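Here is what each chain is made of, one letter per residue.
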Amino acid sequence: MTETSFYDAVGGEETFRRLVHRFYEGVAEDPILLPLYPESDLSGAEERLRGFLIQYWGGPNTYSQQRGHPRLRMRHMPFVIGEAERDAWLRHMRDAVDSLDLPDELETRLWDYLVYAAHSLVNSPT
Ligand code: HEM
């Protein structure tokens, strides 16, 4: 018996594509978050976050083939992330998760992880 990964259970690449695209539509309009992004074109950032989440949830490991070990805390050090940035990030992610209309159990698992991960990346007192 092979176990279905979370990645497959939520609908594979297409679901993560929609999630992260919707998220970055929010970031593109956000006065707190947008200034943090080094590139004015957000498509590279979108690709990296999508690849990371796909890999994290059991899909192809393209992210690490291209970027190496995620080391997320280290990679976020150049950006000042306090409560305001964390909450803005989570607000857009909440909107993106809602747009997927996933079954409750899957939605809760995804959301709980994102909340935990966002809290773990705060690197600046507010
Ligand atoms: C990269 C901000 C939380 C995953 C970035 C970048 C910024 C940023 C400005 C650089 C964009 C780029 O790739 O060029 C933030 C802020 C957060 C946050 C303000 C609020 C807490 C998260 C969380 C995750 C995540 C919770 C994972 C669940 C990533 C990944 C990259 C990235 C995978 C690309 C890393 C790389 O390969 O270079 N983030 N982020 N971020 N972020 Fe976040």
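Residues numbered from 1 in each chain as written. Predicted model: local features only at pLDDT ≥ 70, side-chain atom pairs only at ≥ 80, totals over all residues. Heavy atoms only, no water.

Naming follows an unreviewed UniProt entry, where the protein chain appears as Globin of [Actinomadura] parvosata subsp. kistnae. Listed under Sequence similarities (unreviewed entry) in UniProt, the entry text for the protein chain is "Belongs to the truncated hemoglobin family. Group II subfamily." (UniProt positions renumbered as here; feature names shortened; annotations may be inferred.)

1. Things to note about the overall build of the protein chain
When its secondary structure is counted, the protein chain shows 7 helices and 0 strands. Starting at the N terminus, the α and β elements of the protein chain follow one another as α-α-α-α-α-α-α. Expected size for 126 residues packed as a compact globule is a radius of gyration near 14 Å; at 14 Å, the protein chain falls within 12% of this value. Seen through its principal axes, the protein chain has C-alpha atoms that stretch 50 × 30 × 25 Å. When the 126 residues of the protein chain are sorted by exposure, 42% land in the buried category. (Helix = DSSP H or I, 4+ residues; strand = E, 2+ residues; numbered from the N terminus. Rg over C-alpha atoms; globule rule 2.2 N^0.38 Å. Buried < 20%, exposed > 50% of the residue type's maximum accessible area, 1.4 Å probe, protein only.)

2. A short note on the coordination of the iron atom of the ligand
No protein donor other than His76 (NE2) coordinates the iron atom of the ligand, and that contact is at 2.0 Å. Inspection of the secondary structure puts His76 in helix H5 (residues 72–76). (Donors = N, O, S within 2.8 Å, 3.2 Å for Na, K, Ca; no water.)

3. With respect to the packing of helix H6 (residues 83–100) against helix H7 (residues 104–120)
One way to put it is that H6 packs onto H7 with a least axis distance of 10 Å and a crossing angle of 165°. Here H7 runs roughly antiparallel to H6, going by the angle between their axes. Of the two elements, H6 crosses H7, and the hand of that crossing is right-handed. Where H6 approaches H7, its residues Arg86, Trp89, Leu90, Met93, Arg94, Val97, Asp98 and Leu100 are matched on the opposing element by Glu107, Leu110, Trp111, Leu114, Val115, Ala118 and His119. Along the lines of polarity and charge, the residues of the contact of H6 with H7 split into 10 nonpolar, 1 polar and 4 charged. (Axes fitted to C-alpha atoms, helices over the stretch in contact; angles between N-to-C directions. Parallel < 35°, antiparallel > 145°, perpendicular 65-115°, else oblique. Left-handed = near helix turned anticlockwise from the far one by under 90°. Contact = heavy atoms within 4.5 Å. Nonpolar A, V, L, I, M, F, W, Y, C, P; charged D, E, K, R; others polar.)

4. Comments concerning the site of the ligand
Around the ligand, 20 residues are found, and the nearest of them are Arg48, Tyr63, Arg67, His76 and Trp89. The separation between an oxygen atom of the ligand and a polar side-chain atom of Arg67 is 2.6 Å. Between the ligand and Trp89 there is a distance of 3.4 Å, counted from a nitrogen atom to a side-chain nitrogen or oxygen. The residue makeup of the shell around the ligand, split by class, is 15 nonpolar, 1 polar and 4 charged. (Near = heavy atom within 4 Å. Polar contact = N/O pair within 3.5 Å; in protein donor to acceptor, adjacent residues only side chain to side chain.)

5. Here we look at the packing of aromatic side chains
Per the stated rule, a full pass over the model turns up 10 aromatic pairs. Ring geometry for Phe52 and Tyr63: centres 5.8 Å apart, planes at 85°, overall edge-to-face. Here the residue Phe52 occupies a position in helix H3 (residues 43–56), and Tyr63 occupies one in helix H4 (residues 62–67), the gap between them amounting to 11 residues. Taken together, the ring pairs in this structure connect Phe6, Phe52, Tyr56, Trp57, Tyr63 and Tyr113 into an aromatic cluster. Across the ring face of Trp111, the terminal group of Arg94 is positioned such that the distance to the ring centre comes to 4.6 Å. (Phe/Tyr/Trp six-rings, centres within 6.5 Å; stacked < 30°, edge-to-face > 60°. Lys NZ or Arg CZ within 6 Å of the ring centre and 35° of its normal.)

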